[in-house]
Amino acid sequence: MNTPSYTANELAERFSLQLHGNGDIRVSGVATLARAGRTQLAFLSNAHYRRQLADTHAGIVVLNAEDAEAVSGTALVAKNPYVAFAKIAALFETPAHHAAGIHPTAVIDPSAEISPTAHIGPLVSIAARARIEAGCMIGAGSVIGEDCIVGAGSELIARVTLVTRVRLGQRTRIHPGAVLGADGFGLAMDAGHWIKVPQLGGVSIGDDCEIGANTCIDRGALDDTVLDADVRLDNLIQVGHNVRIGAHTVIAGGTGIAGSTHIGRYCLIGGHVGIAGHLEIGDKVTVLGKSMVSHSIREPGQYSSSIPAVDSKAWRRTVARLRRLDRRTPRTSNHEQEPE
Amino acid sequence: MNTPSYTANELAERFSLQLHGNGDIRVSGVATLARAGRTQLAFLSNAHYRRQLADTHAGIVVLNAEDAEAVSGTALVAKNPYVAFAKIAALFETPAHHAAGIHPTAVIDPSAEISPTAHIGPLVSIAARARIEAGCMIGAGSVIGEDCIVGAGSELIARVTLVTRVRLGQRTRIHPGAVLGADGFGLAMDAGHWIKVPQLGGVSIGDDCEIGANTCIDRGALDDTVLDADVRLDNLIQVGHNVRIGAHTVIAGGTGIAGSTHIGRYCLIGGHVGIAGHLEIGDKVTVLGKSMVSHSIREPGQYSSSIPAVDSKAWRRTVARLRRLDRRTPRTSNHEQEPE
Amino acid sequence: MNTPSYTANELAERFSLQLHGNGDIRVSGVATLARAGRTQLAFLSNAHYRRQLADTHAGIVVLNAEDAEAVSGTALVAKNPYVAFAKIAALFETPAHHAAGIHPTAVIDPSAEISPTAHIGPLVSIAARARIEAGCMIGAGSVIGEDCIVGAGSELIARVTLVTRVRLGQRTRIHPGAVLGADGFGLAMDAGHWIKVPQLGGVSIGDDCEIGANTCIDRGALDDTVLDADVRLDNLIQVGHNVRIGAHTVIAGGTGIAGSTHIGRYCLIGGHVGIAGHLEIGDKVTVLGKSMVSHSIREPGQYSSSIPAVDSKAWRRTVARLRRLDRRTPRTSNHEQEPE
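Residues numbered from 1 in each chain as written. Chains lettered and ligands numbered in written order. Predicted model: local features only at pLDDT ≥ 70, side-chain atom pairs only at ≥ 80, totals over all residues. Heavy atoms only, no water.

1. Here we look at the overall build of chain A
Scanning chain A for helices and strands turns up four helices and 40 strands. At 25 Å, chain A has a C-alpha radius of gyration far larger than the 20 Å of a compact globule built from 340 residues. Taken across its 340 residues, chain A has 58% of its residues classed as buried. Within chain A, residue pairs in contact and separated by at least 24 positions form 18% of the contacts whose partners lie at least 6 positions apart. Carbon together with sulfur atoms contributes 50% to the accessible area of chain A, which is approximately 13300 Å² in total. Chain A carries 32 positive and 33 negative side-chain charges, and their two centres are separated by 9 Å. (Helix = DSSP H or I, 4+ residues; strand = E, 2+ residues; numbered from the N terminus. Rg over C-alpha atoms; globule rule 2.2 N^0.38 Å. Buried < 20%, exposed > 50% of the residue type's maximum accessible area, 1.4 Å probe, protein only. Contact = heavy atoms within 4.5 Å. Areas by Shrake-Rupley, 256 points an atom, 1.4 Å probe, with all protein chains shown as cover. Lys, Arg positive; Asp, Glu negative; His and termini not counted. Charge placed at Lys NZ, Arg CZ, Asp CG, Glu CD.)

Written as structure tokens, this is what we have:
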């Protein structure tokens, strides 16, 4: 395999970056500031790592104009160094090759429709009336249930489950262990026993979405559960039935969203956040990690309710005093009524 | 496929509901208040959606007596509209058909016992001494380990793992990615290294349980991990070894229960709750989402410790003042000793 | 199958324990204090169960010197009764037998290297350039991606996914549903759309590690994500890209660690803990369950920020007063400036 290589001049021109230093220097890969050698390109976008700039052996560093002052070697200056780096790094990625065709161990229902340009891996099962469009990659061990559609160019890396009535847009990528379209959690108490509320809806995922490993997106009770285009979910996330998530929203790992909540566009939801059901979260809302959202949020902005860990002894004292707030504080005015 | 349809009269009689309005109106499906058309039935059970009542185009609405006043069209009045709706919706569900028999790609150990009325899907693996009873559905890609029993009428939707010594009751439903019977997390520190404590127990699941996608229930160290009948677990839940959960208890997504804790009957545990090990939680205990339970709870009632998110700036000030409680408050009396 | 049995004398000698009482008593299994019979051995290591000592019917009890006073029957006294019990219990474990060889339904790429002493179970898929070393057990339905290495004596119980560039040490055990080597969650916002940052690193797992069911360990962006030897992870844990975890560290279920954080040796991290990205956690740090770690921790010790649940009414009053702290407290001195 021939490793590609590029000069600083070539990269500057290709990605409209400003060159500082020697344009003839040539790199054949990318690495971190701390570990890059003379033939590698590194980047600086998180101030946390600025101190590594002085000692880096990277042949080229991608960074912003401000930090460029500190570099003695060759630099490529970008408005957004992380974006520039992502594009350069992609030049050095060797994408796995997936030949079109159906592996002989795959089990395909005769009523399923498989594009001749799709790749269906080993030990995949595809049920009745499913449709796999052009250029898709269905990785080993995946299970595609009845009436599911995988849009053109989408990739199910391996061992993904689409249960039923799941429709994926184009160029969507789903990581192993993810489960889309399982029954929503709908129960009604009838004479001391739970009865199951039928989950008749489906799941609709837009174009260019990414769904992390072991993440679950339940199908709707009546309408669909919906992710708009370019939604990005990390691993181990729970999306309840009839949730809707607006375009370009990103959610970090371990977060859970209860049923029927609607989240806007361009939201950033941290990890381990819990969002209650039947809420409305507007556009451009940021929720910091480990917070709980129990009311609708209509204004853009940053929200949180998490507390950083400290020494346990100090924390136990704080909790004890927190509890005593209740006993100690006299009720002094009307606005001190208990909320809700 | 013929779509079934029912008149308001027929539904009123069949489910003992009180009819308001035109009994001849006929519906052939169910939908939400907001999206239902003239030939669909909708319901109102959550006050949050009451405002949609005025504008709905639903042919029939199921609701309680109080709300029925507000409906101009046809209504079916129920004591518990959600239960009534669940039963009506089931009339319109087209259950997937699973023919009895073993798919030729399934791998079955000769010592396993498979009922002739069970359906074993493609690419399933069933190990030594396992037993699959009458009418079961074992979905694609599931793995049934040694000495597991799947009780009559149970369904493993797809890609479920029963590791070893897992016994399921009747009519239990398990969603994709769930793992029952993995080793409990038992470790002992011996001369600077961890040694594994053998996990010799199993998992015992009662009748009519439901286990969500990617939920994990570890097998016991000595005795079994036990779920009684009609326990309902959502997705991505962790149930540690030797936990016991009483009948009719419901647990929402992302909750974790550490080893050897016992939970009573008819409990309602919210999402993202953490419950420490070796506790006793009594019957009819409700724990609100994202709370932490670190002590036994013997009285029925509602418990919580979660804090709703607010604007991050305000929250940072609150956390700063919370920490200063400690410094600011004089110790004034005996009962202010640090707890535990 | 012949059940093995041992006398108290034999066990005392084999594991260097001190015998109290009748050395001829013989046991053929282990059980809890509460359920053990005359032919079983039980143990006491958690003070919570001390009250069961008086009523146990166990033939032999393993405990520490202090508790031994309270036993009338036969006792084996150990410095660490849990370690002694773990070793004794292992005598009664009947390990599943996995014959060397490749199941005919497994799909193996011709360029993969499989040791003749490895066991490859049914419906396993192994991709190009993977290597499975001596004595490994690859359980049913597992997927081993390109360029992965499974070190000698390691066990993938069932339905495990190694995506790509995952290298496991020796004697490592991975439970069902775990996903190692999925893309790290790297995104950069470019003109209103997210672009994917290539994830070019791998995952490196040391010897004697254990990875729980449905746990996810993402592969690194540039360098590897690394677990050193004897790291023990419970179920449903998220380990972000480029995290490093030091030897002998244990992490309980549901915890998440964001990208590029480094955790030291001999740490104990509780369940449902959230650890932010780009932090340094030193050696011998204990973090209690459900805490949030948002700053680096350099000193050994115990840290927390979680609040135990109480009656919801009392809790709502506490939250209301917590919010009013902000309004009520006069700013009195310089050190009351808002932090960070």
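2. Focus: the environment of Arg244 of chain C
Mapped onto the secondary structure, Arg244 of chain C falls in strand E30 (residues 244-245). In the structure, Arg244 of chain C is positioned 19 residues away from Ile263 of chain C in sequence and 6.1 Å away in space, judged by C-alpha atoms. If near-sequence neighbours (up to four positions away) are discounted, Arg244 of chain C is found in contact with Arg35 of chain A together with Val226, Thr261, His262 and Ile263 of chain C.

3. Comments concerning the interface of chain B and chain C
Counting residues at the interface gives 77 residues for chain B, matched by 69 residues for chain C. Between chain B and chain C, a total of about 5800 Å² is buried, with carbon and sulfur atoms accounting for 60% of that surface. The largest share of the area that chain B buries against chain C comes from Phe185, Trp194 and Arg321 of chain B, three residues that together contribute 13% of it. At the surface where chain B touches chain C, the tally comes to four salt bridges. With its nearest N and O atoms 2.7 Å apart, the salt bridge here joins Lys196 of chain B to Glu210 of chain C. In this structure, the connection of chain B to chain C is made through 26 residue pairs in polar contact (both at pLDDT 80 or more). Listed by contribution, the elements that provide at least two residues to the side of chain B that touches chain C are strand E22 (187-190), strand E23 (193-196), strand E38 (292-293), strand E39 (301-304) and helix H4 (312-328) of chain B. Ranked by the residues each element gives to the side of chain B that touches chain C, the list is headed by H4 of chain B, at 12 residues. (Buried area = accessible area lost by both parts, 1.4 Å probe. Salt bridge = Lys/Arg side-chain N within 4 Å of Asp/Glu carboxyl O. Polar contact = N/O pair within 3.5 Å; in protein donor to acceptor, adjacent residues only side chain to side chain.)

4. As for the side chain of Thr164 of chain C
Residues and elements named next belong to chain C. With respect to the element layout, Thr164 can be found in the loop between strand E18 (161-162) and strand E19 (166-168). A residue is classified by how much of its surface remains accessible, and Thr164, at 14% relative accessible area, is buried. In this structure the side chain of Thr164 is engaged in a polar contact, spanning 3.2 Å, whose partner is the backbone oxygen of Glu146. Each residue touching Thr164, except ones within four places of it in the same chain, is listed here: Glu146, Cys148, Gly181 and Arg219.

5. Focus: the relation of the copies chain B and chain C
Once chain B has been moved 0.0 Å along the axis and rotated by 120°, it coincides with chain C to within an RMSD of 0.0 Å. On this basis, the relationship between the two copies can be described by a three-fold rotation axis. Taken together, the interface assignments show that only 19% of the residues at the interface of chain B recur at the interface of chain C, consistent with different surfaces on the two copies. (Least-squares fit on C-alpha atoms with pLDDT ≥ 70 in both.)

6. Focus: the pairing of strand E5 (residues 40-43) of chain A
Residue and element names in this part refer to chain A. Pairing between strand E4 (residues 29-30) and E5: two bridges, direction parallel. Counted as the bridge partner of Gly29 is Gln40 from E5. Note that E5 and strand E6 (residues 60-63) share three bridges and pair parallel. Bridging from a neighbouring strand, Phe43 pairs with Val62 of E6. (Pairing = 2+ DSSP bridges.)

7. Section: the pattern of salt bridges
Pairing is possible between side chains of opposite charge, provided their charged atoms come close. Overall, the coordinates contain 42 salt bridges over all chains when judged by the stated rule. With a closest N to O distance of 3.7 Å, Asp223 of chain C and Arg35 of chain A form a salt bridge. On the criterion of chain membership, the pair formed by Asp223 of chain C in the loop between strand E26 (216-217) and strand E27 (225-227) and Arg35 of chain A in the loop between E4 and E5 is interchain, its members lying in two chains. Linking Asp190 of chain A and Lys87 of chain B is a salt bridge whose minimum nitrogen-to-oxygen distance equals 3.0 Å. Of this pair, Asp190 of chain A sits in strand E22 (residues 187-190) while Lys87 of chain B is found in helix H3 (residues 81-91), placing the two residues in two different chains. Judged by relative accessible area, Lys87 of chain B falls into the partly exposed class, the value being 33%. Connected through salt bridges with shared partners, the residues Arg173, Glu210, Asp230 and Arg232 of chain A together with Asp183, Lys196 and Arg219 of chain C form a single ionic network.

8. What to know about the environment of Gly274 of chain B
For Gly274 of chain B, the location among the structural elements is in strand E35 (residues 274-275). Setting aside its immediate chain neighbours within four residues, Gly274 of chain B contacts Gly256, Ser291, Met292 and Val293 of chain B together with His272 and Lys290 of chain C.

9. Quick look at the interface of chain A and chain B
Between chain A and chain B, the residue contacts involve 78 residues of the former and 67 residues of the latter. Summing both sides of the interface, chain A and chain B together bury roughly 5800 Å²; the carbon and sulfur share of this comes to 60%. Among the residues of chain A in contact with chain B, Phe185, Trp194 and Arg321 of chain A are the three that bury the most area, contributing 13% of the side total. The tally of links from chain A across to chain B stands at 25 residue pairs in polar contact (both at pLDDT 80 or more). Those elements that provide at least two residues to the side of chain A that touches chain B are E22, strand E23 (193-196), strand E38 (292-293), strand E39 (301-304) and helix H4 (312-328) of chain A. Counting residues per element, the side of chain A that touches chain B draws most heavily on H4 of chain A, at 13 residues. Here the side of chain A that touches chain B is composed, by residue class, of 35 nonpolar, 27 polar and 16 charged. Relative to strand E40 (residues 310-311) of chain B, E39 of chain A runs antiparallel, the two sharing two bridges. Its bridge partner being in E40 of chain B, Tyr303 of chain A is matched across the sheet by Asp311 of chain B. (Nonpolar A, V, L, I, M, F, W, Y, C, P; charged D, E, K, R; others polar.)

10. Section: H3 of chain B
A large share of H3 of chain B lies buried, amounting to eight of its 11 residues. Pro81, Val83, Ala84, Phe85, Ala86, Ile88, Ala89 and Leu91 of chain B are the residues of H3 of chain B that are buried.

11. Looking at the sheet that holds E6 of chain A
With mixed pairing, five strands are arranged side by side in an open sheet as E2-E7-E6-E5-E4 (chain A). Sheet topology places strand E2 (18-20) and E4 of chain A at the edges, where each strand pairs with a single neighbour.

12. Structural notes on the domain arrangement of chain A
Taken domain by domain, chain A comprises domain 1 (6-91) and domain 2 (160-303). Each of domain 1 of chain A and domain 2 of chain A has a C-alpha centre, and these two points are 37 Å apart. (Domains from an automatic or database assignment.)

13. Observations regarding the packing of aromatic side chains
The full count for this structure, using the stated rule, is nine aromatic pairs over all chains. Feature note: the residues Phe43, Tyr82 and Phe85 of chain A constitute an aromatic cluster, connected by ring pairs. (Phe/Tyr/Trp six-rings, centres within 6.5 Å; stacked < 30°, edge-to-face > 60°.)

14. Observations regarding the pairing of E22 of chain B
Residues and elements named next belong to chain B. Both E22 and E23 contribute to a ladder of four bridges, which runs antiparallel. Residue pairing across strands places Leu187 opposite Lys196, the latter belonging to E23. If you look at the hairpin formed by E22 and E23, you'll find two residues sitting between the two strands, and Ala191 has a positive phi there, around 55°.

15. Notes on the relation of the copies chain A and chain B
With an RMSD of 0.0 Å, the fit of chain A onto chain B corresponds to turning through 120° and sliding 0.0 Å along the axis. When the interface residues of chain A are mapped onto chain B, a mere 19% of them again lie at the interface, so each copy presents a different face.

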